[in-house]
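# Fold and contact review
Chain by chain, the residues run as shown.
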Amino acid sequence: MLKLIDVETCYGNIRALKGISLNVAEGEIVSLIGANGAGKTTTLMTISGLVPISSGQIFFNNKRIEKTDPDKIVAAGISQAPEGRRIFPGLSVLENLEMGAFLRADQREIRKDMDYIFDLFPLLNKRRHQAGGTLSGGEQQMLAISRALMARPKLLLLDEPSLGLSPLMTNQIFEMIKKINSEQHMTIFLVEQNAYLALKLSHRGYVMENGFITLEGQAAALLTDNNVKKAYLGI
Amino acid sequence: MKLAEEFKKSFFVALWFMLLTFPIMVVQVNTIENVVIWRWHNIILSGLGSFLLSFCWQLFLRRKGHSTPAAQASASRLQHLMAEPRLYRPALIILALFALIFPFVFSHYQVNIMTTALIYVMLGLGLNIEVGLAGLLDLGYVAFYAVGAYSYALLNYHFGLGFWTALPVGALLAAFSGILVGFPVLRLRGDYLAIVTLAFAEIIRLVLENWNAFSFGPSGISNIPRPGFFGMALTPEQSAIYMYFLLIVLCLLTIFVIRRLQYSRIGRAWVALREDELACQAMGIDKTKAKLTAFALGATWAGMAGVLFAAKTTFINPASFTFLESAMILAIVVLGGMGSIPGVIIAALALILLPEYLRVFSDYRMILFGAALIMMMIFRPQGILADMRKKYEFHKMKDSRIN
């Protein structure tokens, strides 16, 4: 479904991605793990078109999208919950969700999706008229994921959903991610620092270091891999 | 305990004030007889005065600190009252009647200043698109105003274009210049954007001032015709009344269009842009388009206001389009409450009409203006009438699963 071939991305003179290749198949949860500054977020931003690509190719459903504008990429079916949640602080929960459905015009379907989201996250329903900025970190993360879902994407990109959350809240969010994947057959590409949780949740995984992909494989295999254990799991 | 502390604070304030005002209040140099007159009694007066003021101010602040929730409740109560149809409908009708009979009851002079105030209402509402809705801080809004005014003046001078043709042309040219500034500043935001727009306004003003062959330089353009009324010749008094009604109609049009824009797709895109640029893009909103339309549509109203200004005063020169003018319009938007249409209207009327009616204090205008702004920052940072967005209510549907 999503395929990156030799993707390079630079910020000025600094090469953040030094030629990475990966692919995500339909219905999968794939996670990209790695340390700070490895280039995980840059990978997601490049896929979304928010950061210009330097070289390489990105295919989405067999169409090249590496030179496409960010809004066209969302229209094509890739939706992102950006790092640090980035919800609209002055807008209410409902308005935030509406923004997620910006490119859609089918009011009935939008309402249905909203009901589905309120079923998934009843907490958001309680706070529907509250300003986004007044929510707690966990609620904001729920809102960020829900907002990305409102675009009815074919591929959901999640950037560090565990960032700044308590372990309990992280578990809850990850349960929901699993549920979204199994109930809606949503393809999910997940970037995480919490390697253990991410790999437990995913089908497959990639390990990133300094702008390269150093390891890839089935998530279960990566969990038992000695290098991964040493570097990321602290065992 | 607290009182003693405030006493001490006020004492130091008074001391500081006495020192500051020493040169102007005490020393008086008589240059004719070469003597210095020391007016020592003044320092005591200024000391006592500032002490009392500071003391009252601190007592007031403390009381406000205790009663903040209640004050906020009363503020939102005011807004709820405004939203009550039984109350605001009669109020609107009274307002409309007042606007209708105003020019026939009051003098020529009153009608003229009201017309000026209405021009600022238009300007404030236009800038509100850029600053209030899209969050693009524009310190050079006056540039678009100048483009509008000069396009009418020059087109009339060279080609004899009438007011009614110049109005849309001026609006278009202003919108075009809005896009022109918009392109280079697409990647900027916040302070940097403000600096570039400020520079753009200065460029426009300097060009108008120095390019004599094009704009007649500082001496400006005079004898700009007033708008015609179906070919009839109007006396200055009639023409003033005509301008007044013209502006009322155009202001209503502005309010209507901006209200529609605010709740439209593009309005929502602007709000997203204001709240968070990156998230806005992640929602699939075309950032470039949103920014450029905000600049273009904001500038359109300034262009129209410019044409009206030229037609009203029948004379324009670059001195009418200085940075102070931009600051004034921005102050209207900030005082009124960013994004709020009634707030901006009230602020525009207050800021333009009050200095006219309080001519007695004209020497202290800027001091009072500054004091008012500081008071607003402390007591109502959200503006006179904060923007209240429409609330959407969703009711659960029967089958609520996506399949």
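Quick caveat: nothing in here was measured; it's all calculated off a predicted structure. (Residues numbered from 1 in each chain as written. Chains lettered and ligands numbered in written order. Predicted model: local features only at pLDDT ≥ 70, side-chain atom pairs only at ≥ 80, totals over all residues.)

### A look at the overall build of chain A
The number of helices and strands found in chain A is 10 helices and 10 strands. For chain A, whose C-alpha radius of gyration is 17 Å, the value lies close to the compact-globule estimate of 18 Å for 235 residues. By principal-axis analysis of the C-alpha atoms, chain A measures approximately 45 × 40 × 30 Å. Taking as baseline every contact in chain A between residues at least 6 positions apart, the subset at least 24 positions apart corresponds to 66%. (Helix = DSSP H or I, 4+ residues; strand = E, 2+ residues; numbered from the N terminus. Rg over C-alpha atoms; globule rule 2.2 N^0.38 Å. Contact = placed C-beta atoms within 7 Å.)

### Details of the overall build of chain B
The number of helices and strands found in chain B is 16 helices and 2 strands. Dimensions of chain B, computed from C-alpha atoms along their principal axes, come out at roughly 75 × 70 × 50 Å. Looking at chain B as a whole, 35% of its 403 residues are labelled buried. For chain B, restricting intrachain contacts to residue pairs at least 6 apart in sequence, the fraction spanning at least 24 positions comes to 78%. (Buried ≥ 20, exposed ≤ 12 C-beta atoms within 10 Å, placed from the backbone.)

### Considerations on the pairing of strand S2 (residues 35-38) of chain B
Bridge count for strand S1 (residues 27-30) of chain B against S2 of chain B is 4 bridges, and the pairing is antiparallel. By the bridge assignment for S2 of chain B, Val-27 of chain B is matched with Trp-38 of chain B. (Pairing = 2+ DSSP bridges.)

### Remarks on the pairing of strand S8 (residues 187-192) of chain A
Residues and elements named next belong to chain A. Most of S8 sits inside the fold, with 6 of its 6 residues counted as buried. Neither face of S8 is left uncovered, since the one carrying Thr-187, Phe-189 and Val-191 and the one carrying Ile-188, Leu-190 and Glu-192 both have all their residues buried. Two strands pair when backbone bridges link them, and strand S3 (residues 29-34) and S8 are joined in this way by 5 bridges, in the parallel orientation. Residue pairing in the sheet places Leu-32 in a bridge with Val-191 of S8. Bridge count between strand S7 (residues 155-159) and S8: 5 bridges; the pairing is parallel. From the neighbouring strand, Asp-159 faces S8, where its bridge partner is Val-191. Between the parallel elements S7 and S8, the chain passes through helix H7 (residues 167-184) in a crossover that is right-handed. (Right-handed = clockwise from strand over helix to strand, strands pointing away.)

### Thoughts on the domain arrangement of chain B
Taken domain by domain, chain B consists of domain 1 (2-60) and domain 2 (91-379). Distance between the C-alpha centres of domain 1 of chain B and domain 2 of chain B: 42 Å. (Domains from an automatic or database assignment.)

### A few points about the interface of chain B and chain A
The interface of chain B with chain A comprises 21 residues on the first partner and 30 residues on the second. Elements represented by at least two residues in the side of chain B that touches chain A include exactly helix H11 (265-275) and helix H12 (277-282) of chain B. Each residue belonging to the side of chain B that touches chain A can be placed in one class, and the counts come to 11 nonpolar, 3 polar and 7 charged. (Nonpolar A, V, L, I, M, F, W, Y, C, P; charged D, E, K, R; others polar.)

### Regarding the sheet that holds strand S9 (residues 204-209) of chain A
As a general point, the strands of a sheet are linked pairwise by backbone hydrogen bonds and lie either parallel or antiparallel. Residue and element names in this part refer to chain A. Read from one edge to the other, the open sheet built from 6 strands follows the order S6-S7-S8-S3-S9-S10, with strand pairing classed as mixed. Across the chains shown, the open sheet's two edge strands, defined by having one partner strand only, are strand S6 (78-81) and strand S10 (212-218). Ignoring strand direction, the axes of neighbouring strands in this sheet form an average angle of 15°. Strands in contact with helix H1 (residues 40-48) are S3, S6, S7, S8 and S9; relative to S7, the strand with the most contacts, it is inclined by about 145°. (Axes fitted to C-alpha atoms, helices over the stretch in contact; angles between N-to-C directions.)

### Topic: the packing of helix H7 (residues 163-182) of chain B against helix H13 (residues 287-313) of chain B
Residues and elements named next belong to chain B. Closest axis-to-axis distance for the H7/H13 pair is 7 Å, and the angle between their directions is 145°. Like other packed secondary-structure pairs, H7 and H13 cross with a definite hand, here right-handed. Per-class residue counts for the contact of H7 with H13 are 17 nonpolar, 8 polar and 1 charged. (Left-handed = near helix turned anticlockwise from the far one by under 90°.)

### Some thoughts on the sheet that holds strand S5 (residues 63-64) of chain A
The sheet built from 4 strands is open, its strands ordered S2-S1-S4-S5 (chain A) with antiparallel pairing. Strands at the two margins of the open sheet, each flanked by one partner only, are strand S2 (14-24) and S5 of chain A.

### Description of helix H14 (residues 323-336) of chain B
Residue and element names in this part refer to chain B. Between its terminal C-alpha atoms H14 stretches 20 Å, which fits the 20 Å expected from 14 residues at 1.5 Å a residue. All of the buried residues along H14 are Glu-325, Ser-326, Ile-329, Leu-330, Ile-332, Val-333, Val-334, Leu-335 and Gly-336. Looking at the packing, one finds that the buried side of H14 touches helix H5 (108-133), helix H6 (142-159), helix H8 (191-210), helix H15 (341-357) and helix H16 (365-379). (Expected span 1.5 Å × (residues − 1).)

### Side note on H6 of chain B
Over its 18 residues, H6 of chain B extends 25 Å from the first C-alpha to the last, a length consistent with the 26 Å expected when each residue adds 1.5 Å. The buried count for H6 of chain B comes to 13 of 18 residues, which makes it a mostly enclosed element.

### Notes on the nonpolar core
All names here are of chain B. With 160 residues, the main nonpolar core has Tyr-145, Ala-146, Ala-149 and Ala-305 as its most contacted residues. For this core, the element with the most residues is H13, which contributes 15 residues. Look past the residues within four positions of Ala-149 in its chain and what remains in contact with it is Gly-306, Val-307, Phe-309, Ala-310 and Ile-316. (Core = buried A, V, L, I, M, F, W, Y, C linked by C-beta atoms within 7 Å.)

### A few points about the packing of H5 of chain B against helix H10 (residues 236-262) of chain B
Residue and element names in this part refer to chain B. For the pair H5 and H10, the least separation of the axes is 9 Å and the interaxial angle reads 20°. The angle between H5 and H10 falls in the class roughly parallel. H10 is crossed by H5, and the crossing has left-handed handedness. (Parallel < 35°, antiparallel > 145°, perpendicular 65-115°, else oblique.)

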